[in-house]
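Chains, contacts and geometry: an overview
If you want the building blocks of each chain, they are given just below.
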Amino acid sequence: EGPVGYGDLLISEIMYNPAALSDTDGEWFEIYNNSTQALNLQNLVLERDDINRHVITESIELSPGAYCVLARTLQATDASNTYVYGSAITLSNTGAILSIYNEGTESDPGALIFSVNYGESAFPDGSGASISLSPDRLNTTEAILGSSWCVSTSVFNTGDAGTPGVINDLCGQSESLLAF
């Protein structure tokens, strides 16, 4: 079993500024298995801005088309498929580069699997709501574009908006797509 290929996992949702819980308790992000095979997340490296890194310690088998929530605490969501990374990673409210790497160490991660800069222009501002990648844009080309993301509207167990561990809310179609 070789390394996970680029784009086989996508970051599909980010809760960086919860309102129902403090950032310390309520931050999380979600990854999606974009490949055709089950992937084990053990030993993959999570990173924010080359500053915060965490190596996934548990064996987590993620089926094709399935989601996994990576959270600071178990209180963050009631999603059954949640892995807690603790205080190792903090999600900046003003944007950050969030990345997943192949097996490596905290100081030397392996090859990049996926990275998104949610502080770039056109990314929505999620306060009390996660920002989510539209489910019709689950590919490496569109997943890095702010125009492919929107603020979640569905409410989950904490009272904030988001869809942790399940398919995201569909983002509204842009004018250019409707004007054909």
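A brief report on the enclosed structure follows. (Residues numbered from 1 in each chain as written. Predicted model: local features only at pLDDT ≥ 70, side-chain atom pairs only at ≥ 80, totals over all residues. Heavy atoms only, no water.)

1. A few points about the overall build of the protein chain
Counted only if it meets this: Think of it this way: any DSSP run of H or I at least four residues long counts as a helix, any run of E at least two long counts as a strand, and we number them from the N terminus. Restricting the calculation to C-alpha atoms gives the radius of gyration, and the globule rule supplies 2.2 Å times the number of residues raised to the power 0.38. Burial classes follow relative accessibility: with a 1.4 Å probe on protein chains only, a residue under 20% of its type's maximum area counts as buried, one over 50% as exposed, and anything between as partly exposed. Whether two residues are in contact is decided by their heavy atoms: any pair within 4.5 Å suffices.
Summing up its helical and strand segments, the protein chain has three helices and twelve strands in all. Scaling as 2.2 N^0.38, a compact globule of 180 residues should have a C-alpha radius of gyration of about 16 Å, and the protein chain matches this with 15 Å. In terms of principal-axis extent, the alpha carbons of the protein chain reach across some 45 × 35 × 30 Å. Relative to its 180 residues, the protein chain shows a buried fraction of 51%. A separation threshold of at least 6 residues defines the contact pool for the protein chain, and within that pool the share at least 24 residues apart is 62%.

2. Brief notes about a nonpolar patch on the surface
The test is simple: Here the term patch refers to residues with relative accessible area over 30% and no salt bridge, with like charges joined within 9 Å and nonpolar side chains (Val, Leu, Ile, Met, Phe, Trp, Tyr) within 5 Å. The protein chains shown are the only cover counted for residues, whose accessible areas, like all others here, come from Shrake-Rupley with a 1.4 Å probe. We define a salt bridge as a contact between a side-chain nitrogen of Lys or Arg and a carboxyl oxygen of Asp or Glu at a distance within 4 Å.
On the surface, a cluster of nonpolar side chains totalling about 340 Å² of accessible area is made up of Y6, L112, I144 and L145. Structurally, L145 is set in the loop between helix 2 (140-143) and strand 12 (149-151).

3. Let's talk about the state of the cysteines
We apply this condition: In what follows, a disulfide is any cysteine sulfur pair within 2.5 Å.
Throughout the structure, instances matching the rule amount to one disulfide. One disulfide bridge connects C150 with C171, the sulfur atoms lying 2.2 Å from each other. Taking the sign of the torsion about the S-S bond as the criterion, the disulfide between C150 and C171, at about -85 degrees, is left-handed. Here C150 is found in strand 12, whereas its partner C171 is found in the loop between strand 12 and helix 3 (175-178), with 21 residues between them in sequence. The exposure class of C150 is buried, given its relative accessible area of 15%. Look at C171 and you get buried, because its relative accessible area is 4%.

4. A short note on the sheet that holds strand 8 (residues 82-84)
Stated precisely, the cut-off is as follows: A strand pair is defined by DSSP finding two or more bridges across the two strands. Interaxial angles span 0 to 180 degrees and are taken between N-to-C directions of axes, which are lines fitted to C-alpha atoms, for helices over the stretch in contact.
In space, the six strands of this open sheet follow the order 8-7-2-1-11-12, with mixed pairing throughout. Here the strands that pair on one side only, and so sit at the sheet edges, are strand 8 and strand 12. Across the sheet, the axes of successive neighbouring strands diverge by a mean angle of 25 degrees, strand direction being ignored. Sheet topology places strand 2 (residues 28-33) next to strand 7 (residues 67-71); five bridges connect them, and they run antiparallel. From the neighbouring strand, E30 faces strand 7, where its bridge partner is V69.

5. Quick look at the sheet that holds strand 4 (residues 45-48)
Across the sheet, which stays open at both edges, the four strands sit in the order 5-4-9-10 with antiparallel pairing between neighbours. At either end of the open sheet lies a strand with only one pairing partner, and these are strand 5 (52-55) and strand 10 (112-117). Strand after strand, the sheet turns through a mean of 10 degrees between neighbouring axes, direction not considered.

6. Regarding the pattern of salt bridges
In total, this model carries five salt bridges according to the counting rule given. Between R53 and E47 there is a salt bridge, and its shortest N-O distance comes to 2.5 Å. Between E142 and R137 there is a salt bridge, and its shortest N-O distance comes to 3.8 Å. Its relative accessible area of 7% is what places R137 among the buried residues. Members of the salt-bridge network, linked through shared partners, are D136, R137 and E142.

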